[in-house]
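Survey of secondary and tertiary structure
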Amino acid sequence: KARGKNNFQFFTKEINQSILRKSKLAIDLRKGLEHDEFFIHYQPQIDLKTEQLVGLEALVRWNHPEWGAISPAEFIPIAEDTGSIVQLGEYVLRQACLQNKAWQRAGLPKFRVAVNISSHQFSQSNLTETVHAALIDSGLEPRYLELELTESIIQSSSTAIATMNELKTMGVYLSIDDFGTGYSSLRYLKLFPIDTLKIDQYFIRNIITDLKDAALVATIIRMANDLQLNVIAEGVETAEQFQFLKQKDCNQAQGYYFNRPLPPTEIERLYGPAHNTQSPSHS
Ligand code: C2E
Ligand code: MG
Ligand code: MG
Ligand code: MG
């Protein structure tokens, strides 16, 4: 009985520490926005047939003044809960549009920049105005912007179709991120104006060794091809995974096998005017 009690105390101590960390991060997030502590890395998305760059996913980074780099997997959910995500998300959106336009002006090949949209952001009534303003202010053409939405975002918003239709009318591309991990409904693929499915890395991880994962991924690719949707595999880390996906007619991939998310200077070094013909780093 005594040990049970100790375990319980230990347990509550852990919980308290995690609550303390979260509430500190919530406060620091707001300060960090004022102090410009956020920046963006860009991860290449590669066409599997040509091995050319087709897009870059913008992934936010935070250098915490005391704790150093903190993963977005930790701070994005906190930003969501506290509402900071609206300001943070708008910052990423504007920055990504400005950066892509600057790259076009500097003579880099033209590619789309993909920006993650969180649930809280998607349900803001002025999302389409915010996107429109980011495009106008940067001068980026809408077809060079893609917004990544998750299944849960779409599911929890009653006005999702209307919002997505407005964004499509504007000319922006839409993708479903982490496809297959939410409460997916095949209805979404019929009803929503989606351009791209991003197969979650959870399914890609074991495609070579796990027959079920291999079958699921092959089926998602075939379905996307039949529906004339673009399909990207996320989290590609090995040559074997790359070959498997290519053989199954997946059109694009993203992952450490090609590149990690990179700072803008690295993108320029890889794809800048002097290096236009350079293929991904592995080859
Ligand atoms: P996501 O949108 O699914 O992004 C893909 C994540 O997988 C990124 O993690 C990326 O660095 C990682 N990744 C890419 N290739 C590989 C690989 O080959 N192997 C492995 N193991 N991982 C790979 P990251 O940057 O830590 O971001 C995590 C999540 O945080 C994102 O998942 C996204 O949901 C969220 N996030 C990041 N930036 C933003 C943002 O600006 N706004 C919003 N709302 N969410 C963001
Ligand atoms: Mg994403
Ligand atoms: Mg994803
Ligand atoms: Mg994810």
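Scroll up a little and you will see the structure.
In what follows, the accompanying structure is described. (Residues numbered from 1 in each chain as written. Chains lettered and ligands numbered in written order. Predicted model: local features only at pLDDT ≥ 70, side-chain atom pairs only at ≥ 80, totals over all residues. Heavy atoms only, no water.)

Right, let's get into the coordination of the magnesium ion (ligand 3). Summarising the metal site, the magnesium ion (ligand 3) is bound by the protein donors D177 (OD), D178 (OD), E234 (OE) and E234 (OE), whose distances to it range over 2.1 to 2.5 Å. Mapping the donors of the magnesium ion (ligand 3) onto the primary sequence gives the spacing D-D-x55-E. Residue classification places D178 among the partly exposed residues on the basis of a relative accessible area of 26%. Look at E234 and you get buried, because its relative accessible area is 10%. (Donors = N, O, S within 2.8 Å, 3.2 Å for Na, K, Ca; no water. Buried < 20%, exposed > 50% of the residue type's maximum accessible area, 1.4 Å probe, protein only.)

Let's shift gears to the site of ligand 1. Near ligand 1 you find 21 residues, and of these R61, N116, D177, E237 and Y256 are the closest. Within the side chain of D177, a nitrogen or oxygen atom sits 2.9 Å from an oxygen atom of ligand 1. Elements supplying a minimum of two residues to the shell around ligand 1: strand 2 (53-64), helix 2 (72-82) and strand 6 (173-179). Looking at the shell around ligand 1 element by element, the count peaks at four residues for strand 2. When grouped by side-chain class, the residues that make up the shell around ligand 1 number eight nonpolar, six polar and seven charged. (Near = heavy atom within 4 Å. Polar contact = N/O pair within 3.5 Å; in protein donor to acceptor, adjacent residues only side chain to side chain. Helix = DSSP H or I, 4+ residues; strand = E, 2+ residues; numbered from the N terminus. Nonpolar A, V, L, I, M, F, W, Y, C, P; charged D, E, K, R; others polar.)

Turning to the coordination of the magnesium ion (ligand 2), a few remarks are in order. Within the first shell, the magnesium ion (ligand 2) binds the protein through E57 (OE), N116 (OD1), E148 (OE) and D177 (OD), at distances of 2.0 to 2.2 Å. Written as a sequence motif, the donor residues of the magnesium ion (ligand 2) are E-x58-N-x31-E-x28-D. Separating the magnesium ion (ligand 2) from the magnesium ion (ligand 3) is a distance of 3.9 Å, and D177 supplies a donor atom to each of them. With E148 in strand 5 (residues 145-150) and D177 in strand 6, this pair connects stretches of sequence that are 29 residues apart.

Attention shifts here to the nonpolar core. The biggest cluster of nonpolar side chains holds 78 residues, and the ones touching the most others in it are L145, L147 and L245. Contacts of L245, omitting those with residues within four sequence positions, involve L48, I204, I207, V217, I221, A233, V236 and C250. (Core = buried A, V, L, I, M, F, W, Y, C linked by side-chain atoms within 4.5 Å. Contact = heavy atoms within 4.5 Å.)

Here we come to the environment of L98. Structurally, L98 can be placed in helix 3 (residues 84-105). Judged by relative accessible area, L98 falls into the partly exposed class, the value being 43%. Note: C-alpha distance between L98 and S23 (75 residues apart in sequence) is 32 Å. Discounting residues that sit within four places of it in the chain, L98 has contacts with D137 and S138.

The next point concerns the packing of aromatic side chains. Applying the stated criterion across every chain, the model contains 10 aromatic pairs. Measuring from centroid to centroid gives 5.2 Å for F38 and W62, while their planes differ by 25 degrees, and the two rings are stacked. Here F38, found in strand 1 (residues 38-47), pairs with W62, found in strand 2; they are 24 residues apart in sequence, far enough to count as distant. In this structure F38 comes out as buried when scored by relative accessible area, which is 4%. Ring pairs connect the aromatic residues F38, W62 and F75, which therefore count as one cluster. One residue, K24, lies across the ring of W67, its end atom 5.4 Å from the ring centre. In this arrangement the basic side chain of K168 is found over the ring face of Y173, its NZ or CZ atom lying 4.8 Å from the centre. (Phe/Tyr/Trp six-rings, centres within 6.5 Å; stacked < 30°, edge-to-face > 60°. Lys NZ or Arg CZ within 6 Å of the ring centre and 35° of its normal.)

In short, geometric facts, not functional conclusions.
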